[in-house]
Amino acid sequence: MAKDDNINTSYERHYAERTSQRVYPTEFVVRTFMARYPGLNLPKPPVGARVLDVAFGDGRNTAFLAERGYTVSGIEITQGIVDQGTQRMAALGHDVDLRVGRNSAMPYPDAEFDCIVACACIYYCDEGQTMSDNLAEYARVMKPGAYLVTSVADAQSYIFNGAKRLDDGSFTIANDPYNNRVGYRLHAFATPEELTGYFSPYFTDFSIGHSNNDYYGVNERLFWVVCRKR
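Computed from a predicted structure; not experimentally measured.

Undergrad: Now, about the sheet that holds strand β3 (residues 97–100): what can you tell me, with residues and values included?
TA: The 7 strands are arranged β3-β2-β1-β4-β6-β11-β10 in an open sheet whose pairing can be described as mixed. Sheet topology places β3 and β10 (203–215) at the edges, where each strand pairs with a single neighbour. Along the sheet, successive strands turn relative to each other by an average axial angle of 15°, direction set aside. Bridge analysis of β10 against strand β11 (residues 218–229) gives 11 bridges, and the strand direction is antiparallel. Bridging across to β11, D214 finds its partner in N219. Taken strand by strand, helix α2 (residues 27–34) contacts β4 (113–118), β6 (142–153) and β11, and its axis lies near 140° from that of β6. Of the strands in this sheet, β2 (71–76) and β3 are in contact with helix α4 (residues 79–91), which crosses β3 at around 170°.

The following block contains the structure:
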């Protein structure tokens, strides 16, 4: 079984186990869209704006974005996850467009979206792909001047313990307490400057935050990133 197939299967099983549970939006997404901070530059999208939720998972942010009045689309890596998400959104009364897609292969035309939300997913690299390929695909489906709201892995985060660093800046994961990503490649950054330099061919006007959370022994570190398509 290919590494991409492994992660497809593990995540479909992971979300299937959560279909009967209530879910809540990710805190950084809520804060980014609803709060004001001195270092945050994000003109709030107007009602009706087209927003893409990449790797929507259990739909926690999909529902939040729909409740904000946006026209919401979303992609996930298997039809099974898409079916689960479609059923959950219908039960919540949300009319959203969910499809199968990947970071580097999105089933939408050029310049489709006013905003993309990519929570803890943009740095997942499929076999033969790099994070630069992901960024190019994100930029392709965004309108000129559209905004990207994303969280990006810090190289000191727990998931990189024992991981093998590769020449392109990605890591082959060796240990995962959630048993979803062993053998898969994730890209990570050590500093905000490294991150903005990598993103800069496609994006500009960066707002960057950082989290360092110890969830009872799982030390998760992420950069919060808001930027505008060039």
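Undergrad: If you had to explain the layout of surface pockets to someone new, which residues and values would you point to?
TA: Space inside the second largest pocket adds up to approximately 260 Å³. Lining the second largest pocket are 12 residues, with R22, V23, A63, E67 and L92 sitting closest to its centre. Broken down by element, the lining of the second largest pocket gets its largest block of residues, 4 residues, from helix α3 (residues 60–67). Partitioned by chemical class, the residues of the lining of the second largest pocket number 6 nonpolar, 2 polar and 4 charged.

Undergrad: Quick one: what's the story with unusual backbone geometry, residue by residue and with numbers?
TA: For N179, which is not a glycine, the phi torsion comes out positive at approximately 60°. Backbone geometry places D205, a non-glycine residue, at a positive phi of 55°. With respect to the secondary-structure elements, D205 resides in strand β10. Since its relative accessible area comes to 32%, D205 is described here as partly exposed.

Undergrad: Got a sec to walk through the environment of I122? Specific residues and values, please.
TA: Mapped onto the elements of the fold, I122 is located in the loop between β4 and β5 (124–125). Overall, I122 belongs to the buried group, its relative accessible area being 0%. Taking C-alpha positions, I122 is 7.3 Å from T150, a pair spaced 28 residues apart along the chain. Non-local contacts of I122, meaning those with residues more than four positions away in its chain, are made with N103, M131, N134, L135, Y138, L148, T150, S151, V152 and F199.

Undergrad: Now, about the packing of aromatic side chains: what can you tell me, with residues and values included?
TA: In this description, a pair of aromatic rings is defined by centroid distance and the angle of the planes. If you walk through the whole model with that rule in mind, you get 12 aromatic pairs. Centroid distance F28 to W224: 4.5 Å. Interplanar angle 10°. Geometry classified as stacked. Of this pair, F28 sits in helix α2 while W224 sits in strand β11, and the two are 196 residues apart along the sequence. The exposure class of W224 is partly exposed, given its relative accessible area of 24%. Measuring from ring centre to ring centre gives 5.8 Å for Y124 and Y184, while their planes differ by 45°; the resulting arrangement is tilted. Placement of Y124 in strand β5 and of Y184 in the loop between β8 (170–172) and β9 (185–187) is noted, with a sequence separation of 60 residues between them. What makes Y124 buried here is its relative accessible area of 11%. For Y184, a relative accessible area of 4% translates into the label buried.

Parameters at a glance
Residues numbered from 1 in each chain as written. Predicted model: local features only at pLDDT ≥ 70, side-chain atom pairs only at ≥ 80, totals over all residues. Heavy atoms only, no water. Pairing = 2+ DSSP bridges. Helix = DSSP H or I, 4+ residues; strand = E, 2+ residues; numbered from the N terminus. Axes fitted to C-alpha atoms, helices over the stretch in contact; angles between N-to-C directions. Contact = heavy atoms within 4.5 Å. 1 Å grid on protein atoms, 1.4 Å probe; cavity = no way out; pocket = protein on both sides within 12 Å on 5 of 7 lines; lining within 4 Å. Points joined across faces, edges and corners; volume = space filled by probe spheres on them. Nonpolar A, V, L, I, M, F, W, Y, C, P; charged D, E, K, R; others polar. Buried < 20%, exposed > 50% of the residue type's maximum accessible area, 1.4 Å probe, protein only. Phe/Tyr/Trp six-rings, centres within 6.5 Å; stacked < 30°, edge-to-face > 60°.

Function cannot be read off these values alone, since they describe shape.
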